[in-house]
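# What the coordinates show
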Amino acid sequence: MHLQQSTRARNAADWAASGAAAISAGSLRKARKCFLAAVKGDAANAQYRFSFALALEALGEVGAAAEQLTTALRLAPSMTAASRRLCWLLDRGTLPNGVRL
């Protein structure tokens, strides 16, 4: 089981790296796909969730982005970047009804 978890974490890191490269290339849809795979591979990684949230927000999916930021903060309460980003989204008043924070 430990080997399987280690492989999953390594694959998640590869997906996250691909997501970062996709953002640099301006391919937001690909970045969303990559960061989703990273989150599925390592659901407890707050940084992957934060990066996924940024891709979602850039694609206009602000409700889903806010939910990912909330989860990132549950995992890492001191993650200042996620806290600031979530506050910024809340301040803008752009969250749709039904968003689960």
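Definitions and limits used
- Every residue gets a number counted from 1 within its own chain, in the order that chain's sequence is written.
- The predicted nature of this model means local features are confined to residues of pLDDT at least 70 and side-chain atom pairs, given and counted, to a pLDDT of 80 or more, with totals for whole chains, interfaces and linings taken over all residues.
- With hydrogens and water stripped out, all remaining heavy atoms of the structure feed into the side-chain values.
- Comment: elements are numbered from the N terminus, with helices defined as DSSP H or I runs of at least four residues and strands as E runs of at least two.
- It only takes one pair of heavy atoms within 4.5 Å for two residues to be counted as in contact.
- Each accessible area is a Shrake-Rupley result for a 1.4 Å probe, and residues are judged covered by the shown protein chains and nothing else.
- To obtain an axis, a line is fitted to C-alpha atoms, over the contacting stretch when the element is a helix, and the angle between two such axes runs from 0 to 180 degrees between their N-to-C directions.
- The cut-offs work like this: below 35 degrees is roughly parallel, past 145 is roughly antiparallel, 65 to 115 is roughly perpendicular, and the gaps in between are oblique.
- Helix crossings fall into two classes, left-handed where the near helix is turned counterclockwise from the far one by less than a right angle and right-handed where it is turned clockwise.

A few words on the overall build of the protein chain. Check the secondary structure of the protein chain and you find five helices and zero strands. Taken from the N to the C terminus, the helices and strands of the protein chain come in the order α-α-α-α-α. In the protein chain, of all internal contacts separated by at least 6 residues, the share reaching a separation of at least 24 is 47%. Looking at the protein chain as shown, the accessible area adds up to about 6,000 Å², and 53% of this sits on carbon and sulfur atoms.

Pairs of packed helices are described in terms of their axes, by the angle between the two and the distance that separates them. For the pair helix α2 (residues 28-41) and helix α3 (residues 46-58), the least separation of the axes is 9 Å and the interaxial angle reads 150 degrees. By the angle between their axes, α2 is roughly antiparallel relative to α3. In this structure, α2 meets α3 at a crossing whose hand is left-handed. Packed against α2, whose contacting residues are Leu-28, Ala-31, Arg-32, Phe-35, Leu-36, Ala-38 and Val-39, the element α3 presents Tyr-48, Arg-49, Ser-51, Phe-52, Ala-55, Leu-56 and Ala-58 at the interface.

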